[in-house]
Amino acid sequence: MRYLIARIDLDEQLPSLALKGYQGLALILVRRGRLIEFILEEARGREVVDASELAQLIVRKASEAILADQIRHEQQNHLSSRMPSVTVAICTRNRPEWVDRCLLALGSLNPAASDVAEDFEVLVVDNAPPDERTAAVVARHSGVKYVVEPRAGLNFGRNRALNEAKGHFLAYIDDDVVVSPGWLAGFREAWSENPDAKAFTGLVLPFSLDTEAQVLFERRGGFRRGFRKKRFCSVDPSNPLAPCGAGSFGAGANMAFERESVLKIGGFDEALDTGAPLPGGGDLDMFYRMARTGAPFVYEPQFAVLHDHRREIAQLRRQYWTWGLAHMAFIVKSHRTDPAYRRLLRKLVRWWFLDQFSQFWLSLRGRHVLPPNMIAVELWGGVIGLLGEYDRSVRRVAKIREHYQ
C-alpha cells in the first residue's frame, strides 16, 4: 500500500495527478505560501485524478480552510521584523544520512534565517556515536556546531543541547524530519502573536507514504494536530484533562522553548526518552511541566516539519508499544512528583484505557484503520508502563551516570 503525496499550490492552475500504482493520495494544500490543509483520499481504483476532480475534492474537503485563510489574510496583524536569537538542536545517533537531509532543509529556509531571527545557530548533538560518520556529514555544512554526548539517551542529548545552545529560544527537531521552507517564519509568527509564550510546537506532516506502515500510521492521525492556531494555558475549559493530557500540546519531533525557562525547571528528565527500552515520554513530561509553570503554550501550524514515519509494520508495532509504555511512565512519574494533580492524572489513566479498549473493539469489528494486534500492543505497553517502568528506567540511568562520572 502506498499513497501519492502532492503539494498543491492553490494560487496556481490545478494539475492532474497520476495514481497508477498508488492506493490513495495525500494533498498538502498551500495558499499564498502558507500551509492550510491536509487531505487523505483513497484512490478507489482511479488511475488519474484530473484537474476538475481535484477541484471538486478540494471544495468538498477544504472549503472551511480556504475561507479561514482568506479571513486571516484580510485581518493579518503586523509581525515583528525579527525575533530573538534561535538555536536549532538536532539530537541524533547513528543516522548520518538523515542528519544531512535535515541540515540541507535548514539551509533552504524562506525567508532566510538572518531575516527572521537576530541570530541563528544550528547544533548537532551526536549521542554516543559508534563512528565518525555524523561528524563527517556535519563538517560539510558550514557554520553548524557539532558536539558529542557520550551518555546514550535522547534526553541526555537534549540536556546537552540545553547547555551548549546560545539562542534565547531552543528549537528541537528530530533527525528524521525535514523542516518546511516557512518553518522559522512560522515560529516568528507564533512568537510575535504570543510574546508571553515560553513553549511552542508545530504541525508534523508525513515526508512519504510509500509503505503500508506509513499509510496506516497517517490514516490513524499520525502526528497531526490540525491547521488551527492554538494557545494553551494551565486551565482549559474545553479539555477536562488539561494539562495532564500533554499529547494535545504537540509532538517532540518539532518543539521549541525559551531556553532559560527550561533551565529553571531543571531541564529534561533523563529517565524518560532514554532510547530502548523506554524511547519516549520525554516530550510529554516537558510539555506538562512547562504548562504547570502557568506560561502560555502555543501550537502554530506554519511552524511545520515533514516526518519520515516508520517504514515497516514491525517498526510501527514497536512504536505503538513504546507509546503506551512511555505515556504511562510519564503519568507514574507525574503522579509521584505533582500531588496537586494526582486526581486528574488518575482520570487520565482511566480515560486512556477506556479509549484504547474502545478502539480495540472497533478494530475487532473491522471499523478501525489499525488491526487489533496493533492496538493490543499499545494497550500492553500501557500496562507495563504502569507496572514500574519509570522506576526501572531511573535505576538504569543512575548506572549510566555512575559509569561516566
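Residues numbered from 1 in each chain as written. Predicted model: local features only at pLDDT ≥ 70, side-chain atom pairs only at ≥ 80, totals over all residues. Heavy atoms only, no water.

## Quick word on the overall build of the protein
For the record, the criterion: Think of it this way: any DSSP run of H or I at least four residues long counts as a helix, any run of E at least two long counts as a strand, and we number them from the N terminus. Buried means the residue's accessible area, taken with a 1.4 Å probe over protein chains only, is under 20% of the maximum for its type, while exposed means over 50%, and partly exposed covers the values in between. Should any heavy atoms of two residues lie within 4.5 Å, those residues are counted as being in contact. Note on areas: these come from Shrake-Rupley sampling with a 1.4 Å probe, and a residue is covered only by the protein chains present in the view. The convention is simple: Lys and Arg are positive, Asp and Glu are negative, and His and the chain ends are not counted. Where a charge sits is defined by one atom per residue type, namely NZ (Lys), CZ (Arg), CG (Asp) or CD (Glu).
Tallying secondary structure elements over the protein gives 12 helices and 14 strands in all. Projected onto its principal axes, the C-alpha coordinates of the protein cover approximately 65 × 55 × 45 Å. Residues counted as buried form 52% of the 405 residues belonging to the protein. Residue pairs at least 24 apart in sequence account for 74% of intrachain contacts in the protein once pairs closer than 6 positions are excluded. Just so you have it, the protein exposes about 18100 Å², and 52% of that area is on carbon and sulfur atoms. Here the protein contributes 54 positive and 49 negative side-chain charges, whose respective centroids are spaced 6 Å apart.

## Side note on unusual backbone geometry
The omega torsion of the bond from Asn 110 to Pro 111 falls at 0 degrees, within 30 degrees of zero and hence cis. On the secondary structure map, Pro 111 appears in the loop between helix 2 (96-106) and helix 3 (113-116). For the bond from Ala 242 to Pro 243, the omega torsion is 0 degrees, close enough to zero to count as cis. Here Pro 243 lies in the loop between strand 12 (230-232) and strand 13 (254-258). Of note in this structure, Ala 128 is not a glycine but carries a positive phi near 45 degrees. With respect to the helices, strands and loops of the structure, Ala 128 is situated in the loop between strand 7 (120-127) and helix 4 (133-139). Accessibility expressed as a relative area gives 16% for Ala 128, which makes it buried.

## Examining a positive patch on the surface
For clarity, the cut-off: Only residues whose relative accessible area exceeds 30% and that form no salt bridge enter a patch; like-charged residues are grouped when within 9 Å of one another, and nonpolar side chains (Val, Leu, Ile, Met, Phe, Trp, Tyr) when within 5 Å. A side-chain nitrogen of Lys or Arg and a carboxyl oxygen of Asp or Glu constitute a salt bridge if their distance falls within 4 Å.
Taken together, the side chains of Arg 343, Arg 346, Lys 347 and Arg 350 make up a positively charged region of the molecular surface. Along the chain, the position of Lys 347 falls in helix 11 (residues 342-364).

## Thoughts on the UniProt feature "domain: Glycosyltransferase 2-like" (unreviewed entry) in the protein
Filter applied, for reference: UniProt positions are given in the numbering used here, feature names are shortened, and annotations may be inferred rather than shown by experiment.
Under the feature "domain: Glycosyltransferase 2-like" (unreviewed entry), the UniProt entry names residues 87-204. As annotated, residues 87-204 comprises 37% helix and 29% strand, and the C-alpha atoms at either end are separated by 20 Å.

## Comments concerning the nonpolar core
The nonpolar side chains of a soluble globular protein tend to be buried, and buried together. Basically, it comes down to this: Nine residue types can take part in a nonpolar core, namely buried Ala, Val, Leu, Ile, Met, Phe, Trp, Tyr and Cys, and a core is a set of them joined through side-chain atoms within 4.5 Å.
Counting residues in hydrophobic clusters, the biggest one holds 50 residues, and the most contacted among them are Tyr 172 and Phe 257. In this structure Tyr 172 touches Ala 89, Cys 91, Arg 158, Ala 161, Leu 162, Gly 252, Ala 253, Asn 254, Met 255, Phe 257 and Phe 268, once residues within four positions along its chain are discounted. Judged by nonpolar contacts, the second largest core, of 47 residues, contains Leu 103, Phe 217, Phe 223 and Ala 256.

## Examining the packing of helix 10 (residues 313-337) against helix 11
The line we're drawing: Angles run from 0 to 180 degrees between N-to-C directions of axes, and those axes are lines fitted to C-alpha atoms, restricted for helices to the stretch in contact. Angles are sorted into four bins: roughly parallel if under 35 degrees, roughly antiparallel if over 145, roughly perpendicular if 65 to 115, and oblique for all others. Two helices cross in a left-handed way if the nearer one is turned anticlockwise from the farther one by less than a right angle. They cross in a right-handed way if the turn is clockwise. Under the convention adopted here, Pro, Cys and the residues Ala, Val, Leu, Ile, Met, Phe, Trp and Tyr are nonpolar, Asp, Glu, Lys and Arg are charged, and Gly plus all remaining residues are polar.
Helix 11 packs onto helix 10 with a crossing angle of 160 degrees between their chain directions and a minimal axis gap of 9 Å. Taken as axis vectors, helix 10 and helix 11 run roughly antiparallel relative to one another. When you trace helix 10 past helix 11, the crossing you get is left-handed. Residues Gly 324, His 327, Met 328, Ile 331, Ser 334, His 335 and Arg 336 of helix 10 form the contact with helix 11, whose participating residues are Arg 342, Leu 345, Arg 346, Leu 348, Val 349, Trp 352 and Phe 353. Classifying every residue of the contact of helix 10 with helix 11 by side-chain character gives 7 nonpolar, 4 polar and 3 charged.

## Considerations on the environment of Cys 91
Residue position: Cys 91 is located in strand 6 (residues 86-92). Cys 91 sits 81 residues away from Tyr 172 along the chain, and the two C-alpha atoms are 7.8 Å apart. If sequence neighbours within four positions are ignored, Cys 91 has contacts with Val 125, Leu 154, Gly 157, Arg 158, Tyr 172, Ile 173 and Asp 175.

## Some details on the packing of aromatic side chains
To be explicit about the condition: Pairing of aromatic rings covers Phe, Tyr and Trp, the last counted by its six-membered ring, and requires centre-to-centre distances within 6.5 Å; plane angles under 30 degrees mean stacked, over 60 mean edge-to-face, and any other angle means tilted.
Counted by the stated rule, this structure contains 21 aromatic pairs. Pairing Phe 187 with Phe 200 gives two aromatic rings, centres 5.1 Å apart and planes at 65 degrees, and the pair type is edge-to-face. Of the two residues, Phe 187 is situated in helix 6 (residues 183-193) and Phe 200 in strand 11 (residues 199-206); the sequence distance between them amounts to 13 residues. For the pair formed by Phe 187 and Phe 200, the shared burial category is buried. Centroid distance Phe 249 to Phe 287: 6.4 Å. Interplanar angle 85 degrees. Geometry classified as edge-to-face. Placement of the pair is Phe 249 in the loop between strand 12 and strand 13 and Phe 287 in helix 9 (residues 282-292), with a sequence separation of 38 residues. The same class applies to Phe 249 as to Phe 287, namely buried. An aromatic cluster is built from Tyr 172, Phe 232, Phe 249, Phe 257, Phe 268, Phe 287 and Phe 297, whose rings are joined through pairwise contacts.

## Looking at the side chain of Asp 308
The topology assignment puts Asp 308 in the loop between strand 14 (297-307) and helix 10. Residue Asp 308 is classed as buried on the basis of its relative accessible area, which comes to 8%. With near-sequence residues (within four places) excluded, Asp 308 lies in contact with Trp 98, Arg 101, Asp 176, Phe 207, Ser 208 and Gln 214.

## Some remarks on the state of the cysteines
As a reminder of what qualifies: In this description, the term disulfide denotes a pair of cysteine sulfurs within 2.5 Å.
According to the stated counting rule, one finds 0 disulfides in the structure shown. The thiol of Cys 91 is unpaired, and the distance to the nearest cysteine sulfur, on Cys 102, comes to 11 Å.

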